[in-house]
Amino acid sequence: MALSRIKGQDHAVGLLRSAFEADRLSHAYLMHGPEGVGKETTALELAQGLNCEAEGLEACGSCRACTMAGRLAHPDIHLLFPAPRDLKAEARAEILASYQRDGYREEDYGRKTAIISVESVLSEVVAGANQRPYVGPWKIFVIADADRMTDEAANTLLKTLEEPPEGTVIALTTSRPSALPATVVSRCQKIPFSRLPADVIEEILLADSRLGFDERRAKAAAALAQGSAGLAVRTQKEGLEAELGKIASLMQGKSVRGVRSLVEEAETLAFRLGRREQVKVLDLMLLWLRDVLVLSEVSASNRTKALLYGKHRRALESQASALDFATIEGLIEKVDGARMAIERYSNPSIVFTSVLLDMAVARKRASTRRDGEHAA
Ligand SMILES: [Zn+2]
């Protein structure tokens, strides 16, 4: 890999290239944008390109520095990432290896909190920055998901950001720049990353045969992924159709037989899934409602549009005819709000109970109305 192979982020890569060409690389970058769009990969490519023995910023991929960087074993390239405090050394090594193997990946530790500790900032960044490069000329520190630094870790990093030693580049990545202390943000040059167009995601998914996509699945996963190749990869791993089947039955209230079972279903979502998985469930619920919305509009062109939940077309059609437009829109808003609430760490049990209840009420009203019409 080299910087030129980063897909769909021409603006971000262009900023880095022109800074390098003008000999004005910043000591600190904040690469911000949605999850799974290539921020860490870009930071690591920058690190490899800077240390490559060939001229310019494009890594040759075959020199000694590139070989070491490719295995993340270059002594001047450091990668920090959030992890639970009790993560075992082997697990850490495995994650480190997968950053290199599979750039569009995300770790989900379920309900364990993953943090970047002050100890790791001290031992990797502070100590490393104060040494001369081993192989040189650059020392690069990539801090992935930097918003997960503890306050103490951020404060410690701040000192290095204030007086960066010569030849040091610190690249922070984050999908939540507002969660970083303003003092840290103000010392970094910002590099914005954008959501990836679906066709670019498709291309990324198909380019790597190890990911196991065929064209149909790549298209479906890309459509689902909302601009994030990382999300698309995760969806595939977890079994796309099975996933869609589960959401379809959830949206039809198949296992709901009353308030008690509804609460149980909400609790399962709240307590068995990690936060990222919960967001994904809500995303898939939204996409179900979008399909219903498409079918509820009478125009013929809409009726032939490809649906994500195509296999469940009958159920979609029955909801589309039973629910009126305003109700579907109301549900979309509700699920969207729930998604934001989960991202802001609201109580997932309350969020899911409320969403499932709204769905159930809408279905109930629709069926009562339908029965009323039949009676009349
Ligand atoms: Zn090289």
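Conventions we followed
Residues numbered from 1 in each chain as written. Predicted model: local features only at pLDDT ≥ 70, side-chain atom pairs only at ≥ 80, totals over all residues. Heavy atoms only, no water. Helix = DSSP H or I, 4+ residues; strand = E, 2+ residues; numbered from the N terminus. Buried < 20%, exposed > 50% of the residue type's maximum accessible area, 1.4 Å probe, protein only. Contact = heavy atoms within 4.5 Å. Lys, Arg positive; Asp, Glu negative; His and termini not counted. Charge placed at Lys NZ, Arg CZ, Asp CG, Glu CD. Phe/Tyr/Trp six-rings, centres within 6.5 Å; stacked < 30°, edge-to-face > 60°. Domains from an automatic or database assignment. Axes fitted to C-alpha atoms, helices over the stretch in contact; angles between N-to-C directions. Parallel < 35°, antiparallel > 145°, perpendicular 65-115°, else oblique. Nonpolar A, V, L, I, M, F, W, Y, C, P; charged D, E, K, R; others polar. Pairing = 2+ DSSP bridges. Right-handed = clockwise from strand over helix to strand, strands pointing away.

(A) View of the overall build of the chain. Looking only at helices and strands, the chain has 17 helices and five strands in total. C-alpha extents for the chain along the principal axes are approximately 85 × 40 × 35 Å. Here the chain holds 376 residues, and the buried ones make up 51% of them. Within the chain, residue pairs in contact and separated by at least 24 positions form 74% of the contacts whose partners lie at least 6 positions apart. Averaged over its 50 positive side-chain charges, the chain has a centre that lies 5 Å from the centre of its 51 negative ones.

(B) The arrangement of the packing of aromatic side chains in detail. Using the criterion set out here, one finds one aromatic pair in the structure. Plain terms: the ring middles of Trp288 and Tyr309 are 5.1 Å apart, the flat faces sit at 75° to each other, and that makes the pair edge-to-face. Note that Trp288 is positioned in helix α13 (residues 275-296) and Tyr309 in the loop between α14 (300-303) and α15 (313-322), a separation of 21 residues in sequence. Across the pair, exposure class does not vary: Trp288 and Tyr309 are buried alike.

(C) Structural context of the domain arrangement of the chain. Along its sequence, the chain is carved into domain 1 (3-194), domain 2 (197-237) and domain 3 (242-375). Computed from C-alpha atoms alone, the centre-to-centre distance between domain 1 and domain 3 is 39 Å.

(D) View of the packing of helix α9 (residues 215-224) against helix α11 (residues 240-251). The geometry of α9 relative to α11 is characterised by a closest axis approach of 11 Å and an angle of 50° between their N-to-C directions. Taken together, the axis directions place α9 and α11 in an arrangement best described as oblique. Contacts between α9 and α11 pair Arg216, Arg217, Ala220, Ala221 and Leu224 from the former with Leu240, Glu241 and Leu244 from the latter. In terms of residue class, the contact of α9 with α11 is made up of five nonpolar, no polar and three charged.

(E) Spatial organisation of the sheet that holds strand β1 (residues 28-32). Read across the sheet, five strands follow the order β2-β3-β4-β1-β5 without closing on themselves; strand pairing throughout is parallel. The open sheet terminates on both sides in strands that have one partner only, identified here as β2 (77-80) and β5 (189-192). Across the sheet, the axes of successive neighbouring strands diverge by a mean angle of 20°, strand direction being ignored. Of the pairings in the sheet, the one linking strand β3 (residues 139-143) to strand β4 (residues 168-174) comprises five bridges and is parallel in character. In the strand pairing of β4, Val142 is matched with Ala171. Contacting β1 and β5, helix α1 (residues 10-21) runs over the sheet at an angle of about 145° to β5. On the sheet, helix α5 (residues 118-129) packs against β2, β3 and β4 and is oriented at approximately 155° with respect to β3.

(F) Geometry of the pairing of β3. In terms of burial, β3 is a largely internal element, five of the five residues being buried. A two-sided burial pattern is seen for β3, the buried positions comprising Lys139, Phe141 and Ile143 on one face and Ile140 and Val142 on the other. In terms of strand pairing, β2 meets β3 through four bridges, oriented parallel. Of the residues in β3, the one forming a bridge with Leu79 is Val142. Since β3 and β4 lie parallel, the crossover through helix α6 (residues 151-162) that links them has a hand, and here it is right-handed.

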